[in-house]
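For reference, the chains in residue letters:
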Amino acid sequence: HLELMLDTTNKCNLRCVMCHFAFPSAAAEPLQQWDTAFLARLERTVLPHVQHAQLSLGTEPLLWRHFPALLAACKRARVPVIDMYTNGLLLTRELARCIVATPMTRVQFSLEGVSQRGFDQVRVGGKFADFVARVELLIEMKALLGSDLPRLQFNLTMLRRNAHEVEDVVRLAGRLGIDYLDIRHVVVHEGLGVDEDSWLNDKAGYNALMKRVRALATELGVAIFVQPPDFDLGEGPDARGVAPVLDSSGPITTGHVSRGRQSEGPSCHAPWRHFFVRPDRSVVPCT
């Protein structure tokens with residue numbers, strides 16, 4: 001019944017403007033990564049009990065050269081749901097074959113624009129044309145191997161600087177046959193200079209944009225998930241309402257088993273349900 005989240009390395013190949021990897025200190029950090037002996041131990045002791053494995057969380061998983069071995073371990077353990085986040089730029093034909101053959105349940109691609117300028121000014125170190133080529137490679141491999149999996153998802157971080165590209169992201173998702181589009185607000189890290197990019201600075205503008213985005217997604221048949229919902233523009237304290245929660249396994253989750261003592265009101269199920277294995281091989285109950 002467990003949900004396993006992990007990062008096999010502490011590195012990324014991009015320096016996205018809103019990400020912690022944009023800090024100079026991130027590049028200076030000594031490399032941390034799993035070895036195959038640790039992976040074997042994980043397969044032996046943990047994977048048989050895992051319902052959902054999230055094979056990346058805050059780093060780029062395809063940087064780890066043993067990533068195919070991680071996929072193979074999940075396959076041997078018959079993990080029901082296997083998921084990953086990636087910027088996609090390191091995807092090769094052989095990696096695409098391994099991902100489809102596992103099969104991975106879902107691949108979540110991160111992007112913030114659909115033009116050379118819109119993509120590159122946010123995802124520093126990447127190229128939009130390369131991104132599209134890698135997504136198309138995975139789509140091609142699915143067709144070649146006759147697999148419906150993995151489901152494909154675009155994850156879009158909402159920045160005011162990329163507002164003019166959001167509707168084109170929906171159109172790209174529709175053209176490529178992407179299954180889901182997940183839209184979330186930027187988390188502002190102090191010192192990165194993206195404070196003005198937060199839609200907290202233009203709540204009415206955000207609501208108007210998302211009205212158009214939802215209408216376009218409906219027209220094109222693209223499943224869209226937005227967190228949080230529209231801003232409350234009424235009188236009184238600012239309230240954002242309550243959004244349907246898309247958990248880390250998204251719309252394809254097979255469900256969770258909740259364990260522990262029942263209590264009234266909010267409670268945290270993390271100690272009984274999921275845990276995170278870091279690049280240094282330490283284990284914590286949540287991220």
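Just above, that's the structure.
Residues numbered from 1 in each chain as written. Predicted model: local features only at pLDDT ≥ 70, side-chain atom pairs only at ≥ 80, totals over all residues. Heavy atoms only, no water.

**Q** Explain the overall build of the protein to me, please; I cannot follow it from the model alone.
**A** Counting its secondary structure elements, the protein contains nine helices and nine strands. With 287 residues in all, the protein has 47% of them scored as buried. Pairs at least 24 residues apart make up 72% of the contacts formed inside the protein by residues separated by at least 6 positions. Counting only carbon and sulfur atoms, one obtains 53% of the accessible surface of the protein, whose full area is about 13900 Å². (Helix = DSSP H or I, 4+ residues; strand = E, 2+ residues; numbered from the N terminus. Buried < 20%, exposed > 50% of the residue type's maximum accessible area, 1.4 Å probe, protein only. Contact = heavy atoms within 4.5 Å. Areas by Shrake-Rupley, 256 points an atom, 1.4 Å probe, with all protein chains shown as cover.)

**Q** Where do I start with the pattern of salt bridges in this structure?
**A** Two side chains carrying opposite charge are able to pair once their charged atoms lie near each other. Counting across every chain of the model gives 12 salt bridges. Residues Arg-161 and Asp-197 are paired through a salt bridge, measuring 2.6 Å at the closest nitrogen-oxygen approach. Of this pair, Arg-161 sits in the loop between strand S5 (151-158) and helix H7 (166-176) while Asp-197 sits in the loop between strand S6 (180-185) and helix H8 (203-220); the two residues are 36 residues apart in sequence, bridging distant segments of the chain. Residue class for Arg-161 comes out partly exposed when judged on its relative accessible area of 29%. (Salt bridge = Lys/Arg side-chain N within 4 Å of Asp/Glu carboxyl O.)

**Q** For this particular structure, what's the right way to read the packing of helix H4 (residues 93-101) against helix H6 (residues 128-145)?
**A** Each packed pair of helices is defined by two parameters, the angle between the axes and the distance between the axes. At a minimum axis distance of 9 Å, the contact between H4 and H6 shows a crossing angle of 55 degrees. Classed by the angle they form, the pair H4 and H6 counts as oblique. H4 and H6 meet at a crossing whose hand is right-handed. Within the contact between the two elements, H4 uses Arg-93, Ala-96, Arg-97, Ile-99, Val-100 and Ala-101 and H6 uses Leu-137, Leu-138, Glu-140, Met-141, Lys-142, Leu-144 and Leu-145. For the contact of H4 with H6, the class distribution of residues is nine nonpolar, no polar and four charged. (Axes fitted to C-alpha atoms, helices over the stretch in contact; angles between N-to-C directions. Parallel < 35°, antiparallel > 145°, perpendicular 65-115°, else oblique. Left-handed = near helix turned anticlockwise from the far one by under 90°. Nonpolar A, V, L, I, M, F, W, Y, C, P; charged D, E, K, R; others polar.)

**Q** Help me understand H6 in this model?
**A** Two residues of an α-helix separated by three or four positions point the same way, owing to the 3.6 residues in each turn. With 18 residues, H6 should reach 26 Å at 1.5 Å per residue; the first-to-last C-alpha distance of 26 Å fits that figure. Those residues of H6 lying buried are Phe-128, Phe-131, Val-132, Val-135, Leu-137, Leu-138, Met-141 and Lys-142. On its buried face, H6 sits against H4, strand S4 (106-110), helix H5 (116-120), S5 and H7. (Expected span 1.5 Å × (residues − 1).)

**Q** Mind showing me how you'd approach the packing of aromatic side chains here?
**A** Geometrically, a pair of aromatic rings is defined through the distance of the ring centres and the angle of the planes. Under the definition given, this model contains nine aromatic pairs. Seen in terms of ring centroids, Phe-119 and Phe-128 are 5.8 Å apart; in terms of plane orientation they differ by 55 degrees. Their pairing is tilted. Comparing Phe-119 with Phe-128 shows no difference in burial state: the two are buried. An angle of 40 degrees between the planes, with centres 5.6 Å apart, marks the rings of Phe-119 and Phe-131 as tilted. Placement of Phe-119 in helix H5 and of Phe-131 in helix H6 is noted, with a sequence separation of 12 residues between them. As far as the burial class goes, Phe-119 and Phe-131 line up, both buried. Linked through ring pairs, Phe-109, Phe-119, Phe-128, Phe-131 and Phe-154 together constitute an aromatic cluster. (Phe/Tyr/Trp six-rings, centres within 6.5 Å; stacked < 30°, edge-to-face > 60°.)

**Q** Help me understand the nonpolar core in this model?
**A** The tendency in soluble globular proteins is for nonpolar side chains to be buried as a group. Counting 80 residues, the largest nonpolar core has Leu-55, Phe-67, Phe-131 and Phe-154 as its most contacted members. The greatest single-element share of this core, amounting to seven residues, is contributed by H6. In this structure Leu-55 touches Leu-6, Pro-61, Phe-67, Leu-70, Leu-71, Cys-74, Ile-82, Asp-83, Met-84 and Met-104, once residues within four positions along its chain are discounted. (Core = buried A, V, L, I, M, F, W, Y, C linked by side-chain atoms within 4.5 Å.)

**Q** Please clarify how the sheet that holds strand S2 (residues 50-54) should be interpreted in this entry.
**A** Strands belonging to one sheet form pairs held by backbone hydrogen bonds; the direction of such a pair is parallel or antiparallel. Strand order in the open sheet made by the nine strands is S7-S6-S5-S4-S3-S2-S1-S8-S9, with mixed pairing throughout. The outermost strands of the open sheet, each flanked by one partner alone, are strand S7 (223-227) and strand S9 (283-284). In terms of strand pairing, S6 meets S7 through five bridges, oriented parallel. For Ile-183, the partnering residue across the bridge sits in S7 and is Val-226. Helix-sheet contacts for H8 involve S5, S6 and S7, and the interaxial angle to S7 is about 160 degrees. (Pairing = 2+ DSSP bridges.)

**Q** What should I look at first to understand the packing of helix H3 (residues 67-76) against H4 in this one?
**A** Where H3 contacts H4, the axes come no closer than 10 Å and their chain directions differ by 10 degrees. Classified by the interaxial angle, the pair formed by H3 and H4 is roughly parallel. Contacts from Phe-67, Pro-68, Leu-71 and Lys-75 in H3 reach Leu-95, Cys-98, Ile-99 and Ala-101 in H4. The residue inventory of the contact of H3 with H4, partitioned by class, reads seven nonpolar, no polar and one charged.

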